Amino acid sequence: MKFNKTILALLVTALLVGCSEDEVDPLAASTASPGGVNTDASTSGLNGGSGMDGSGLNGSNGMNGSGMNGGANGKYPNAAIGPEFSDPNNPLSKNIIYFSLDSSEIQSDFVPIVAAHARYLAAHSSQRVTLEGHGDERGSREYNIALGEQRGKTVAGKLTLQGVSDSQLDNVSYGEEKPAAFGSDESSWEQNRRVELVYQGR
């Protein structure tokens, strides 16, 4: 028994000594740069430079952005939006336009928000947005699909009047199928009568 323990100790020591000091610690390597990806957070290449352009989103790892965009379905692989979209003081952080009952007219409170998105899109011609139209649960399914589509068209019309290209816009209507609130009261209905501006990188 004593002999076996000694041999075992010698084998373990030999194995430890045999490991090269030059070997890379896989844990350290993965911590420094996950997946070998450059972790530089520079945004200098967001719009046509050599930096981050999201072109790897549709690569061999199978990630195509289909869950990133709340409905864009990975159509736009070059997704990249700026920090202004998460700044609560910037109107671009507001991406929902609400409507009155049975109406597709943009209320005055939302005109500055639409204008801010128009300026951004006009200045970033490679950027795309999906206008997702919604309605509340009242009315037939067909009526709400048509109303959601008309609401999206109204927002699209305002954007194109301010210099946005039609090719930057997609219009999808969900009608009453994707409610933001599930109650059957005025507060819930107000939240469900909306158009959401869903950018390719959001």
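The structure this text deals with has already been given above.
About the cut-offs
- Numbering of residues starts from 1 in each chain and follows the order in which that chain's sequence is written.
- Thresholds applied to this predicted model are a pLDDT of at least 70 for local features of residues and 80 or more for the giving and counting of side-chain atom pairs; totals over whole chains, interfaces and linings are not thresholded and use all residues.
- The side-chain numbers reported here are obtained from all heavy atoms of the structure, hydrogens and water having been left aside.
- The classification of residues rests on relative accessible area computed with a 1.4 Å probe and restricted to protein chains. Under 20% of the type maximum is buried, over 50% is exposed, and intermediate values are partly exposed.
- Helical segments are the DSSP runs of H or I of at least four residues, strand segments are the runs of E of at least two, and each set is numbered from the N terminus.
- Two strands make a pair as long as DSSP finds a minimum of two bridges between them.
- Handedness of a crossover: with both strands directed away from the viewer, a clockwise path from the first strand across the helix to the second marks it as right-handed.
- Salt bridges, as used here, are contacts in which a Lys or Arg side-chain nitrogen is within 4 Å of a carboxyl oxygen on Asp or Glu.

(A) A look at the pairing of strand β3 (residues 169-175). Taken across its seven residues, β3 has five buried, putting it largely inside the fold. In this structure, strand β2 (residues 129-134) lies alongside β3, joined through six bridges in parallel fashion. Looking across to β3, one finds that G133 is bridged to S173. Handedness of the β-α-β unit built from β2, helix α4 (residues 141-161) and β3 comes out right-handed.

(B) Fine view of the pairing of β2. The buried fraction of β2 amounts to six of the six residues, a majority that puts the element mostly inside the structure. Here β2 shows two buried faces, one formed by V129, L131 and G133 and the other by T130, E132 and H134.

(C) Seen up close, the pattern of salt bridges. Taken as a whole and assessed by the stated rule, the structure comprises seven salt bridges. Put simply, D136 and R193 hold a salt bridge, and the shortest N to O gap is 3.3 Å. Of this pair, D136 sits in the loop between β2 and α4 while R193 sits in the loop between α5 (186-192) and β4 (194-199), and the two are 57 residues apart along the sequence. By relative accessible area, D136 is classed as buried at 4%. On the basis of relative accessibility, which here comes to 6%, the residue R193 falls in the buried class. K153 serves as the salt-bridge partner of E149, at 3.5 Å between the closest nitrogen and oxygen. In this pair, E149 and K153 are both assigned in helix α4, four residues apart and thus about one turn of the helix distant. A residue is classified by how much of its surface remains accessible, and K153, at 44% relative accessible area, is partly exposed. Put simply, D136, R138, E186 and R193 are held in one network by salt bridges that share partners.

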